[in-house]
Amino acid sequence: HLWTSSGSLPITDGPAPRPVIGQDSVEVLGASYPRDDFTNVTAKILDKVGRNLHNQPHHPLWLIKERIKAHFYSSYIGRWGNPLFSVHDNLSPVVSTEQNFDSLLIPPDHPSRKRGDNYYLNRTTMLRAHTSAHQRELVRSGLDAFLLAGDVYRRDEIDASHYPVFHQMEGVRLFTNHEVFSKVQDGHELSLFEAGGRRTPQKQETHSLEAVKLVEFDLKNTLTRLITYLFGDDVEVRWVDCYFPFTHPSFEMEVRFQGDWMEVLGCGVMEQELVNSAGAGHKLGWAFGLGLERLAMVLYSIPDIRLFWSQDERFLQQFRLPDIQQPVTFQPLSKYPPLHNDISFWLPEESEAGRESFTQNDFYELVRSVGGELVERVSLQDEFTHPRTGRRSQCYRIVYRHMERTLTQDEVRRVHQQIEHAAETELGVQGRY
Ligand code: FA5
Ligand code: MG
């Protein structure tokens, strides 16, 4: 079967339990989860659980995490000279769907829950899709200001800036009435909340506009200061309005990278219902979630997100600095040539009650499972519907490139044939070769 464990684990941080996808259960980090019709996690993905790149000293993700910590520790000091933000980087990526979705007010039928977009261990347990999954538990434990770094998992397309495992840093800060208004003249007359208000594009129904504006300003200011600290004053940044079920208003920050705008984080004013459910109903807060790879790519000029998984000394050694503040510009390993190969197939007929029997993400997943790190990109080239039979076919281009050596035609052909074979047996497509 395709989804079974293969080879040995490239673990660098001591013994970790080997991933096992059994007949009836899935084992992750030493615990066993019963399989059901939702189970879709693969051995390739489970290989990554426990790697904790963000906790490997001198790894570029560790380096950027340390720099963000250093900035928050030195810029935000509590009343007793203590760091205001506590930092958490060791929470298990195995979470309940309740944590990942319900705790964040994500409705039961929301598209972000799709089986095709997430890695489920079973119907109630999954690999977290974002670090926001821990917001409620950390607020409930009494924290008013924290940072949380962790690995997150999503079934996604494959290209230079998307990978099914990446790392996020979450930040949350809660404010009391006094903290928001103490610097404002006659601030003691103002209130965080108002009764009978309306939800508008600017604010939630229970919030006062003046409180939201101050909290939103603090959020954007905190993030702009962080980005300026990391990238210097010359970095170009812009704010884009957006939507999350757990914040309102919500924003994304984009940074100029190689001539394009790249989204690096999402953020907003926390939904009060979430704050209330975490037992902090008298406070108002902001939250953000940023992609550590995205920041590290801009900061160190790392051209491809797959490089973060490299065990090649020529990559890792470039980040072994005596001082975390020392600038690094990644010197690319010599660029090895890409090889590409196309694959075309007829899609299976739609099955039971219009339920999709094939999705593009299924194919991306399969390509990644078989081709692993050799696959640089998969893109849909062409779609065709037969005028008479109505049958649909698709053609994908797969670009193969090894980060550390030149691939041979023969090697690529063998992998490509395995992909063709697996697509037929696993996905029920019919090759057009
Ligand atoms: C979220 O995950 C929200 N939880 C962020 C958030 C937190 C909003 C708190 C409000 C309050 P999003 O899916 O946009 O949002 O991901 C956040 C960041 O993760 C992105 O801006 C990007 O930097 C990074 N990211 C997202 N998908 C990928 C991917 N496939 N590969 C690498 N980085 C990614
Ligand atoms: Mg986004």
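Residues numbered from 1 in each chain as written. Chains lettered and ligands numbered in written order. Predicted model: local features only at pLDDT ≥ 70, side-chain atom pairs only at ≥ 80, totals over all residues. Heavy atoms only, no water.

## Points about the environment of Ile 106
In this structure, Ile 106 sits in the loop between helix 3 (97–100) and strand 6 (120–122). Judged by its relative accessible area of 6%, Ile 106 falls in the buried class. Separated by 138 residues in the primary sequence, Ile 106 and Phe 244 have C-alpha atoms spaced 8.8 Å apart. Residues within four places of Ile 106 in sequence aside, it is in contact with Asn 100, Phe 101, Ser 112, Arg 113, His 130, Pro 245 and Phe 246. (Helix = DSSP H or I, 4+ residues; strand = E, 2+ residues; numbered from the N terminus. Buried < 20%, exposed > 50% of the residue type's maximum accessible area, 1.4 Å probe, protein only. Contact = heavy atoms within 4.5 Å.)

## Examining the site of ligand 1
Taken together, the neighbourhood of ligand 1 is formed by 25 residues, with His 130, Ser 132, Arg 154, Glu 263 and Val 264 sitting nearest. For ligand 1, a nitrogen atom lies 2.8 Å from a polar atom in the side chain of Ser 132. Its free accessible area being 680 Å², ligand 1 has 93% of it covered by the protein chains. Ranked by residue count, the leading element in the shell around ligand 1 is strand 12 (residues 260–270), at 5 residues. (Near = heavy atom within 4 Å. Polar contact = N/O pair within 3.5 Å; in protein donor to acceptor, adjacent residues only side chain to side chain. Areas by Shrake-Rupley, 256 points an atom, 1.4 Å probe, with all protein chains shown as cover.)

## Let's talk about the confidence of the model for the protein chain
For the protein chain, mean pLDDT is 90; residues scoring 70 or higher make up 94% of the total. Scored below 50 in pLDDT, residues 1–15 makes 32 contacts in the model with residues more than four places away or belonging to other chains. (pLDDT = per-residue confidence, 0-100.)

## Some remarks on the domain arrangement of the protein chain
According to the domain assignment, the protein chain contains domain 1 (53–89 + 130–306) and domain 2 (339–431). Put simply, the middle of domain 1 and the middle of domain 2, counted by C-alpha atoms, are 38 Å apart. Contacts between domain 1 and domain 2 engage 9 residues on the former and 13 residues on the latter. Contact with domain 2 buries surface across domain 1, with Arg 155, Ile 158 and Arg 306 losing the most and accounting together for 69% of the total. Inspection of the region where domain 1 meets domain 2 yields 3 salt bridges. Here Arg 306 ties to Glu 376 by a salt bridge, and the two come within 3.1 Å at their closest N and O atoms. When its residues are assigned to classes, the side of domain 1 that touches domain 2 shows 3 nonpolar, no polar and 6 charged. (Domains from an automatic or database assignment. Buried area = accessible area lost by both parts, 1.4 Å probe. Salt bridge = Lys/Arg side-chain N within 4 Å of Asp/Glu carboxyl O. Nonpolar A, V, L, I, M, F, W, Y, C, P; charged D, E, K, R; others polar.)

## A short note on the state of the cysteines
Taken as a whole and judged by the stated rule, the model has 0 disulfides. We note that Cys 242 lacks a disulfide partner, and the nearest cysteine sulfur, in Cys 267, lies 7.3 Å from it. In this structure Cys 242 comes out as partly exposed when scored by relative accessible area, which is 24%. (Disulfide = S-S within 2.5 Å.)

## Considerations on the packing of helix 10 (residues 360–371) against helix 11 (residues 409–427)
Between two packed helices, both the angle of their axes relative to each other and the distance between the axes serve to describe the pair. Two elements in contact, helix 10 and helix 11, have axes separated by 10 Å at closest approach and are oriented at 135°. Looking at the two axes, helix 10 sits oblique to helix 11. As for how helix 10 packs across helix 11, the hand of that crossing is right-handed. When helix 10 is examined against helix 11, the residues Asp 362, Phe 363, Leu 366, Val 367, Val 370 and Gly 371 are found in contact with a partner set consisting of Val 415, Gln 418, Ile 419, Ala 422, Ala 423, Glu 426 and Leu 427. Of the residues contributing to the contact of helix 10 with helix 11, the split by class is 9 nonpolar, 2 polar and 2 charged. (Axes fitted to C-alpha atoms, helices over the stretch in contact; angles between N-to-C directions. Parallel < 35°, antiparallel > 145°, perpendicular 65-115°, else oblique. Left-handed = near helix turned anticlockwise from the far one by under 90°.)

## Topic: the sheet that holds strand 16 (residues 392–400)
With respect to topology, 4 strands assemble into an open sheet ordered 15-16-14-17, the strand pairing being antiparallel. Either end of the sheet is taken by a strand with one partner, and the two such strands are strand 15 (375–385) and strand 17 (430–431). Packed onto the sheet, helix 10 meets strand 14 (339–346), strand 15 and strand 16 and runs at close to 145° relative to strand 15. Packed onto the sheet, helix 11 meets strand 14, strand 16 and strand 17 and runs at close to 20° relative to strand 14. (Pairing = 2+ DSSP bridges.)

## Observations regarding the pattern of salt bridges
Inspection of the entire model under this criterion finds 30 salt bridges. Of the charged contacts in the structure, one is a salt bridge between Lys 114 and Asp 117, with a shortest N-O distance of 3.6 Å. Between Arg 405 and Glu 411 there is a salt bridge, with its nearest N and O atoms 2.9 Å apart. Looking at Arg 405, the relative accessible area reads 36%, which means it is partly exposed.

## Comments concerning the sheet that holds strand 1 (residues 20–21)
The 3 strands are arranged 1-2-3 in an open sheet whose pairing can be described as antiparallel. Of all strands in the sheet, those bounded by a partner on one side alone are strand 1 and strand 3 (31–34). Examined bridge by bridge, strand 2 (residues 25–28) and strand 3 share 4 bridges and lie antiparallel to one another. Residue pairing in the sheet places Val 26 in a bridge with Tyr 33 of strand 3.

## Quick word on the UniProt feature "domain: Aminoacyl-transfer RNA synthetases class-II family profile" (unreviewed entry) in the protein chain
When the UniProt feature table is mapped to this numbering, "domain: Aminoacyl-transfer RNA synthetases class-II family profile" (unreviewed entry) covers residues 62–322. Here residues 62–322 runs as 27% helix and 27% strand, with 14 Å between its end C-alpha atoms. (UniProt positions renumbered as here; feature names shortened; annotations may be inferred.)

## Topic: the pairing of strand 15
Strand direction decides the pairing type here: strand 15 and strand 16, joined by 9 bridges, are antiparallel. Residue pairing in the sheet places Ser 379 in a bridge with Arg 397 of strand 16. The loop that links strand 15 with its antiparallel partner strand 16 comprises 6 residues; one of these, Gly 390, has a positive phi angle of about 75°.

## Concerning the environment of Asp 24
Summarising the element assignment, Asp 24 is placed in the loop between strand 1 and strand 2. Placed 11 residues apart in sequence, Asp 24 and Arg 35 show a C-alpha to C-alpha distance of 5.3 Å. Apart from the residues within four sequence positions on either side, Asp 24 is in contact with Tyr 33, Pro 34 and Arg 35.

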